[in-house]
Amino acid sequence: MPASSDANHFASSLRAAYGVYDTEPTSSAIRSAGTLTPVSRGPFEGYLVHANAVRSKRPALRDRWEDCAFILMPLAGDIHVDHYDRQNVLSAGDMVLMDSHAPSTIDAFGRNRSVVLAMPRSTVSQLRPDSDRLFGRRLQGRKGIGNMLSAMLASIVDADAEEEMDARDSMLTLSVTMSLLDRLIENRPDSDSHRRSRAEAEIGKMRSWVVENAADPDMSIETLARRFALSRRSLYRLFGEVGATPRQWLADVRLDEARPFPRLFKRRFGVLPGSLAR
C-alpha cells in the first residue's frame, strides 16, 4: 500500500467515488490507510478496496448510485459491517448485499482487501417481494453455492482489464450471478438459525458472568474476550450472529443492571440517589 494512502487520502477517494463518506481510525496503535482501484467488467462497476485499521461511514447515496445495490465481499482479511441495523463480521469469501438507500458503516480492524460491485437495485427487488430483508445479511461464501458465487466474483476482479465482455456475455454474467444469489439465499435460513442459536447460548453465558462481575471497574470487551478465550475479531463475529456489537451489548447489560438501583434506594431511604448529589 503506498505510503501516501493515509486515512485522509482514503476519505477523499471515497468521496470522489461515492459523493459522501467519512472515515476514522479503528486503532491508535496501527496506522489507518486505504486505497480504491476502479473495477469495471461486464454488468458490474465498482472498486477494489485496500483498507487498514479504518472505519468508513456513509449515509444513503444519491445521484449516480441512487438506484444501485452492492455486493461487498472481502478477498483477504475480515471486516465488520453495520447495515440495515444488522451487524456482521465477514471473512474472505463471505458476502453482504447493501442498499444505496440506507446508511452503512464498515470497519477494517486490520489489513483488508475487498471488492464492492454495483448492480441495478431492481435486480435484487426481483429476487424476493420483501427484498429489504435481504440487505445487510451475511451470506456464507466458503462452501457450496456460496463458494461458486464468491469464486465467480473474485474472477471478475482478477480478469484481464483488456478482456472485455460483449452485451450478451454481460447479460449472461448478471443472470448467473442473480441465480446463484437466489439459491444462496434459499439455502441460508437453516444454517443461520443454528449459528444464531449457538451464539445466543454463548452470549447468555457471557451475560451471567458480566452480571456477577458488574462491580469490576476494569470490565471491558477486552476483559470479556480474554475470559471466554476469544480474539477481538472472534468476539465481534459472535455478536454479529445476533445483530449486535460487543461494546453496545456490554453497555446495555450494565444499564439493565443499574436500573433497579434507584427504585430500591428510594424504597429504603425515601429519596432518589441523584438528589443527594445536588
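Quick note: structure is the one above.
Bear in mind the structure is a predicted one, so any value in this text is a computation, not a measurement.

Conventions we followed
- Residue positions are given per chain, counted from 1 along the sequence in the order it is written.
- In keeping with the predicted nature of the model, local features appear solely for residues at pLDDT of at least 70, side-chain atom pairs appear and are counted solely at 80 or more, and the whole-chain, interface and lining totals rest on all residues.
- Side-chain metrics rest on all non-hydrogen atoms present in the structure, leaving aside hydrogens and water.
- Centres within 6.5 Å are what make two rings of Phe, Tyr or Trp a pair, Trp counting through its six-membered ring; a difference in plane orientation under 30 degrees is then read as stacked, over 60 as edge-to-face, and the rest as tilted.
- Only runs of H or I of at least four residues qualify as helices and only runs of E of at least two qualify as strands under DSSP, and these elements are numbered from the N terminus.
- Relative accessibility under 20% of the residue-type maximum defines a buried residue, over 50% an exposed one, and the middle range a partly exposed one, all with a 1.4 Å probe and only protein chains included.
- Contacts are residue-level and defined by heavy atoms, with any inter-residue pair within 4.5 Å sufficient.
- If DSSP finds at least two bridges between two strands, the strands pair.
- Each cavity reported here is a set of points on a 1 Å grid over the protein atoms alone in which a 1.4 Å probe fits but cannot get out, each pocket an open set with protein on both sides within 12 Å along at least five of seven lines, and each lining residue one with an atom within 4 Å of a point.
- Grid points are joined across faces, edges and corners, and a volume is the space filled by probe spheres set on the points.

Participant: Provide a residue-level description of the packing of aromatic side chains, including the pertinent values.
Facilitator: In total, this model carries nine aromatic pairs according to the counting rule given. Ring centres 6.2 Å apart and planes at 80° place the aromatic pair Tyr-18 and Phe-70 in the edge-to-face group. Placement of Tyr-18 in helix H1 (residues 7-18) and of Phe-70 in strand S4 (residues 68-76) is noted, with a sequence separation of 52 residues between them. Comparing Tyr-18 with Phe-70, the two get one shared label, buried. Considering the side-chain rings of Trp-209 and Phe-228, the 6.1 Å spacing of their centres and the 90° angle between planes classify their relative orientation as edge-to-face. Placement of Trp-209 in helix H5 (residues 188-212) and of Phe-228 in the loop between helix H6 (221-227) and helix H7 (232-240) is noted, with a sequence separation of 19 residues between them. Take Trp-209: its relative accessible area is 15%, and that puts it in the buried class. On the accessibility criterion, Phe-228 (15% relative accessible area) is buried. Among the aromatic residues, those joined into a cluster by ring pairs are Tyr-18, Tyr-21, Tyr-47, Trp-65 and Phe-70.

Participant: Quick one: what's the story with the environment of Arg-121, residue by residue and with numbers?
Facilitator: Summarising the element assignment, Arg-121 is placed in helix H2 (residues 121-125). For Arg-121, a relative accessible area of 16% translates into the label buried. It is 9.6 Å that separates the C-alpha atoms of Arg-121 and His-101, two residues lying 20 residues apart in sequence. If sequence neighbours within four positions are ignored, Arg-121 has contacts with Asp-67, Cys-68, Ala-69, Tyr-84, Asp-99, His-101, Asp-132 and Phe-135.

Participant: Describe in detail the pairing of strand S2 (residues 33-41), supporting the description with residues and values.
Facilitator: Of the strand pairs in this sheet, S2 and strand S3 (residues 44-58) are connected by nine bridges, and their pairing is antiparallel. In the sheet register, Ser-40 faces S3, and the bridge partner there is Glu-45. With antiparallel pairing between neighbouring strands as the criterion, S2 and S3 make up a hairpin whose turn holds two residues, including Gly-42 at a positive phi of roughly 60°.

Participant: Could you give an account of empty space enclosed by the protein, naming the residues involved and the relevant values?
Facilitator: By rolling a water-sized probe across the atoms, one finds the places where empty space is left. Tallied over the entire structure, the rule returns two cavities of 30 Å³ or more. Empty space within the largest cavity amounts to approximately 270 Å³. If you go around the largest cavity, you meet 20 residues; those closest to its centre are Tyr-21, Val-49, Leu-72, Ile-106 and Val-116. When residues of the lining of the largest cavity are traced back to their parent elements, those giving at least two are H1, S3, S4 and strand S8 (104-120).

Participant: Describe the side chain of Ser-56, naming the residues involved and giving the relevant values.
Facilitator: Among the structural elements, Ser-56 can be located in strand S3. Beyond its immediate sequence surroundings of up to four residues, Ser-56 is in contact with Phe-10, Leu-14, Tyr-21, Asp-22, Thr-23, Ser-104, Thr-105 and Ile-106.

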